[in-house]
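Here is how the chains run, residue by residue.
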Amino acid sequence: MVSVTMAGVLLAGCAAGGGRSIDDAIQNAKPVADSTGYTYTGTGPITGEPGTLKIMAQESNYSFVDISTAPIVLKVFEEAGITPEWQLLPYDSYEEDASPIISSAGTNADIIKIPDSGDPNQVYIKSGLFVPLDEYFDYMPNFIKWLSEHPVEKAELTAEDGHIYYVPGTNVADDYQPCLMYNQVWLDKAGMEAPDTLDELVELLRYFRDNDMNGNGDASDEIPMSVMKEFLPYMFGPAFGLDLVSGFQADDKGKVTYAYADSENYKKYLAFINSLYEEGLLEKDYETLDRDMVIDRISKDLTGVAFDFSWAMSMMYSNVLPYYDGTAATGFVGVAPLSGENTGFYVGRNSLAGMFGVNVNSGRIELACKFLDYAMCDHCQNYYQWGIEGESFVTNADGSRSYTEKGNDNDWLQSFGINPAFVLPAAQSVEATDILVAPWHAEINAELRQYIRHPWPDIYATTKESDTVNLYMADIQSIASDYETAFIKGEKNLEGDFESYLSELESHHLSEVTEIRQTQYDRYLEALN
Ligand SMILES: [Ca+2]
């Protein structure tokens, strides 16, 4: 990695105007004939003569699935006119196994799945190992259309040298994200609406604490809320204007700060949660609460409030309630975020997922670029999300789609090659997620989408930035986490100890890391604009 990343430092010199040069490359791209005289325009086949591509990627996470023979995967290659030659590495150790092979240029694969999918702080790109795809945009009509329609992802994919190296898969990022959920039966029993504000929440939690909500004759066995420690920042940070989930955040002028070092709002956040703790509204052992414990409590009808990933709503929480009848009226139901002095929001996630690059040593760079372009087109995404019509899904009279009986068998569907993100740039879809959850859950998701805010963006790091952040960030996070708990539990005093907390962050190089985040964010904004 050392020799590899040195090249990155050298290349970083020509970083200026990255965003603009990508836009120029997009605007100037036009379909051209390849060396065989065939012009690819975005649909299959991608070549005039049958071709072969070597692909280094990941086995399925289902051990019984041979993704290289899965019908959906084969269909895409067949339509492209390409025969794949696979070099598949084990799913669980892909990062470990693939990284040294890639770093030492030890593979002759034409297309490589990047082992660091989703974490651009792990430097790989500027190594001279991957082809700058923007130089081949003439062969990538689907990709440049997608980039034009996705400015945030385009900016995130633009490396500091101004090039784009990868075709990404994508996650659902504004849907099915973590949210606040209430036991609807308890809410109705209390005669209250879902709280909009922190004050209303406190009032509701007190009611849940003091009344026999589960009707077992004992008014003291109710736990007002069961929220795991890692979700407190999601639940309460936004009401104080903080994105504690991302940690670093930028204001509307583009100034970057570390939310855990905000001497005004973060202090108020801690004081608020400390007051919940003191009142018994946040339970004494909140730090050790895990999802299994939350599920156990819900199954015993002991708790009224949860905060978790959206999928838990109908798939893990509502379904264990003793009286759940499949409707929202008897379930754990997601609601809008809480507001305080600031209007609440939910923190979404970045959409970039598994990425694929073209090996600079490939003898078939044009063909590899065309294949990646074809593999990410909408037509192929339909295969990834639904499979093949008549086999895994049918189209209903109203135009919506449903899985067939076979398609509803998850083992069969996995073997068929659904969502083959290990080997192809597959995108998750909201529509395909909607049919997996209860209908009321899909409706709530659609309502909550408006509250999702984009988290700190994925921004490719230079080697130097990455080294510095990796050196200091673990300590900074650990100090923040230790103090957070101590302040919430009243073991440390906000009036007396907050200043020494800030000095401790400072002595662990917070300013240096914040400065790097600022530089990266400036670069992101430049690529975005
Ligand atoms: Ca009770």
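Check the entry above for the structure.
The sections below set out a description of the structure shown in this document. (Residues numbered from 1 in each chain as written. Predicted model: local features only at pLDDT ≥ 70, side-chain atom pairs only at ≥ 80, totals over all residues. Heavy atoms only, no water.)

**Topic: the coordination of the calcium ion**
For clarity, the threshold we go by: Metal coordination here is assigned from N, O and S atoms located within 2.8 Å of the ion, or within 3.2 Å for Na, K and Ca; omission of water means that sites may look incomplete. Working definition: with a 1.4 Å probe on protein chains only, accessible area under 20% of the residue-type maximum means buried, over 50% means exposed, and in between means partly exposed.
Distances from the calcium ion to its protein donors, D212 (OD), N214 (OD1), N216 (OD1), D218 (O), D221 (OD), E222 (OE) and E222 (OE), fall within 2.2 to 3.1 Å. Donor residues binding the calcium ion come from one chain and are separated in sequence as D-x1-N-x1-N-x1-D-x2-D-E. Classification of N216 as partly exposed rests on a relative accessible area of 44%.

**Focus on empty space enclosed by the protein**
Note the following rule: Lining residues are defined by having an atom within 4 Å of a point belonging to a cavity or pocket. Those points lie on a 1 Å grid over the protein atoms alone, cavities being sets where a 1.4 Å probe fits but cannot get out and pockets being open sets with protein on both sides within 12 Å along at least five of seven lines. Grid points are joined across faces, edges and corners, and a volume is the space filled by probe spheres set on the points. Strands are runs of DSSP state E lasting at least 2 residues, helices are runs of H or I lasting at least 4, and numbering of each runs from the N terminus.
This model, assessed by the stated rule, comprises 2 cavities of 30 Å³ or more. Here the largest cavity is characterised by a volume of approximately 70 Å³. In terms of lining residues, the largest cavity is bounded by 15 residues, among which Y176, Q177, S310, N445 and L448 are the most central. In terms of residues, the lining of the largest cavity owes the most to one element, helix α17 (residues 439–448), which gives 4 residues.

**Topic: the packing of aromatic side chains**
This is how it is decided: Stacked, tilted and edge-to-face are the three classes assigned to paired rings of Phe, Tyr and Trp, where Trp is represented by its six-membered ring and a pair needs centres within 6.5 Å; plane angles under 30 degrees give stacked, over 60 edge-to-face, the rest tilted.
Inspection of every chain in the model, using the stated rule, returns 38 aromatic pairs. When the ring of Y317 is compared with that of F332, the centres are 6.1 Å apart and the planes differ by 70 degrees; the resulting orientation is edge-to-face. Remark: F332 occurs in strand β10 (residues 332–334) and Y317 occurs in helix α12 (residues 312–317); sequence separation between them is 15 residues. F332 carries the same exposure label as Y317, and that label is buried. Seen from their ring centres, F487 and Y501 are 6.0 Å apart, and the 80 degrees between their planes marks the pair as edge-to-face. Of this pair, F487 sits in helix α18 (residues 463–488) while Y501 is found in helix α19 (residues 494–507), placing the two residues 14 residues apart along the sequence.

**A look at the layout of surface pockets**
Using the following cut-off: Each residue is assigned to one of three groups, with Ala, Val, Leu, Ile, Met, Phe, Trp, Tyr, Cys and Pro labelled nonpolar, Asp, Glu, Lys and Arg labelled charged, and all others, Gly among them, labelled polar.
Its boundaries defined by the atoms lining it, the largest pocket holds a volume of some 1,100 Å³. Forming the boundary of the largest pocket are 37 residues, of which N171, N419, Q428, T433 and L436 lie nearest the centre. Every element with two or more residues in the lining of the largest pocket is listed here: β12 (352–358), α14 (378–386), α15 (410–416) and α16 (430–434). Ranked by the residues each element gives to the lining of the largest pocket, the list is headed by α15, at 3 residues. Classifying every residue of the lining of the largest pocket gives 19 nonpolar, 15 polar and 3 charged.

**Observations regarding the sheet that holds strand β9 (residues 303–308)**
Remark on secondary structure: sheet strands pair via backbone hydrogen bonds, oriented parallel or antiparallel. Going by this rule: Pairs of strands are assigned from DSSP output, requiring at least two bridges between the strands. Here, axes are lines fitted to C-alpha atoms. For helices the fit covers the stretch in contact, and angles between N-to-C directions go from 0 to 180 degrees.
The 4 strands are arranged β6-β9-β5-β10 in an open sheet whose pairing can be described as mixed. Strand pairing shows two members of the sheet lacking a second neighbour, β6 (223–225) and β10, which therefore form its edges. Recorded for the sheet is a direction-independent mean angle of 30 degrees between the axes of neighbouring strands. Pairing of β6 with β9 involves 2 bridges; the strand directions are parallel.

**Some words on the environment of S63**
For S63, the position within the fold is in the loop between β1 (51–58) and α3 (71–80). In this structure the C-alpha to C-alpha distance between S63 and E431, which are 368 residues apart in sequence, comes to 27 Å.

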